[in-house]
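Reading the structure
The residues making up each chain are set out below.
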Amino acid sequence: NEIHLSLGEFGLLEDFEDEPDWEYDPAWQLVSNYSCHGNYSFSCRPEQPGFYSAVCGDFIYLPEQKLSFWYKYKMPMYGEDGVYFLFETGNISDTLLFLGAGGALPSGGSRPIEAYIEGDWALYELQLDQILPEEPEVGTIYNFELLFKYAEVFEGFNQYDIMDEIGVFIDDFQLGFPDFENIGPDAWKDDESISIFPNPMLTGEELTIQFNIRDVRPEITIYNIKGQKVKSGLVPKDEYQPFYRIYWDGKDNNKKEVASGVYFVLVDLGYKDIVKKVTLIKKKKKNQYWDY
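This report concerns the structure included in the present document. Small disclaimer: the values here were computed from a predicted structure and weren't measured.

As for the overall build of the protein
- Looking only at helices and strands, the protein has 1 helix and 19 strands in total.
- Within the span of the protein, comprising 292 residues, buried residues form 46% of the whole.
- When contacts within the protein are restricted to residue pairs at least 6 apart in sequence, those whose partners lie at least 24 apart make up 70%.
- Element-wise, carbon and sulfur atoms account for 44% of the exposed surface of the protein, whose accessible area totals about 15,500 Å².

Now the structure itself:
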């Protein structure tokens, strides 16, 4: 059997403290006037009406994936301004959520211009397989698009490019799995003081996890792509040293070899958690080839 790995990511945490590695219209900007955590959030600040896009991805679809983000807003109560959260694969685009103005006019057809709708920071959590009209096949490549609609200009009322207090503000945009929800905001960030090798690893090999960290005795837990714990309680055998090495033999808590695939290595440093990704490949029989 051959193993084919799709080109895409399994998880993401974008805290918008640095320029995101997304494709986005210049109207989408990092702003410092509001933030849920850190110093910045992501907001669309267009000068003229229109649609303004910010796309992140590509991701690999897996069951039980969850999108979460923090959201704050202030905009005209009556109108069509707002942001669409779109799930896109191939030529198909599904609207997961629209957050913005109500769009309806009050009775009698009059529109009170001096009326806002607003809300403080709130956490939104969307489990994809529960809200998509049709669940994609496992392994499907997809991305997310934030599409801001600026429907109509009211001078001095909804001029997003010059009025800092109005608009939509998004922070801590995260894609992951339900079992990872309590890992914390540093979980998806890389840490140069931790190295994992070999990666990919073959069954029968031993994964080495090395730490150039002092005064901390790390503990390792291995999860599969569904967020299920497969191996726990991995700790260094030696006492405190300038660096540690922890080894994983590719077996679960029942001492059975785990299946080929992608696994997440959760590093508990006590003061913070870090997640790294490793791929395990089934070793071929003698005289057979393998690829990935």
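Overview of the environment of glutamate 19
- Its place among the elements puts glutamate 19 in the loop between strand S1 (12–14) and strand S2 (23–24).
- Residue class for glutamate 19 comes out exposed when judged on its relative accessible area of 56%.
- Non-local contacts of glutamate 19, meaning those with residues more than four positions away in its chain, are made with Tyr24 and Leu30.
- There is a polar contact of 2.3 Å between the side chain of glutamate 19 and the side chain of tyrosine 24.

A short note on the pattern of salt bridges
- The full count for this structure, using the stated rule, is 3 salt bridges.
- Measuring nitrogen to oxygen at the nearest pair gives 3.4 Å for the salt bridge that ties glutamate 125 to lysine 66. Placement of the pair is glutamate 125 in strand S9 (residues 116–127) and lysine 66 in strand S6 (residues 66–76), with a sequence separation of 59 residues.
- Salt-bridge contacts for aspartate 120 lead to lysine 72; the nearest nitrogen and oxygen are separated by 3.3 Å. Linking aspartate 120 in strand S9 with lysine 72 in strand S6, this pair joins segments that are 48 residues apart in sequence.

Points about the nonpolar core
- Membership of the largest hydrophobic core comes to 39 residues, with the highest contact counts inside it found for Trp28, Phe69, Leu128, Phe144, Leu146 and Phe173.
- Those elements giving two or more residues to this core turn out to be strand S4 (41–44), strand S5 (50–60), S6, strand S7 (82–89), strand S8 (92–100), strand S10 (141–150) and strand S11 (167–176).
- Not counting residues up to four positions away in its chain, the partners in contact with phenylalanine 173 are Leu12, Leu13, Glu14, Phe16, Trp22, Cys56, Leu67, Ser68, Phe69, Phe85, Phe144 and Leu146.
- With 21 residues, the next largest nonpolar core counts Val230, Tyr244, Ile246 and Leu280 among its residues.

Points about unusual backbone geometry
- Cis geometry is adopted by the peptide bond preceding proline 198, which originates at phenylalanine 197 and carries an omega value of -10°.
- Structurally, the position occupied by proline 198 is in the loop between strand S12 (194–197) and strand S13 (201–202).
- One non-glycine residue, aspartate 172, lies in the positive phi region at around 45°.
- Tracing the sequence through the fold places aspartate 172 in strand S11.
- According to the relative accessible area criterion, aspartate 172 is buried, its value standing at 11%.

So, the pairing of strand S14 (residues 207–211)
- Counting buried residues in S14 gives 5 out of 5 residues, a clear majority hidden from the surface.
- A two-sided burial pattern is seen for S14, the buried positions comprising Leu207, Ile209 and Phe211 on one face and Thr208 and Gln210 on the other.
- Relative to S14, S12 is paired through 4 bridges, and the arrangement is antiparallel. The residue of S14 that forms the bridge with phenylalanine 197 is threonine 208.
- Of the strand pairs in this sheet, S14 and strand S17 (residues 244–248) are connected by 5 bridges, and their pairing is antiparallel. Opposite leucine 207, over in S17, you have tryptophan 248 as the bridge partner.

Rules used throughout
Residues numbered from 1 in each chain as written. Predicted model: local features only at pLDDT ≥ 70, side-chain atom pairs only at ≥ 80, totals over all residues. Heavy atoms only, no water. Helix = DSSP H or I, 4+ residues; strand = E, 2+ residues; numbered from the N terminus. Buried < 20%, exposed > 50% of the residue type's maximum accessible area, 1.4 Å probe, protein only. Contact = heavy atoms within 4.5 Å. Areas by Shrake-Rupley, 256 points an atom, 1.4 Å probe, with all protein chains shown as cover. Polar contact = N/O pair within 3.5 Å; in protein donor to acceptor, adjacent residues only side chain to side chain. Salt bridge = Lys/Arg side-chain N within 4 Å of Asp/Glu carboxyl O. Core = buried A, V, L, I, M, F, W, Y, C linked by side-chain atoms within 4.5 Å. Pairing = 2+ DSSP bridges.

This is a description of form; function is not addressed.
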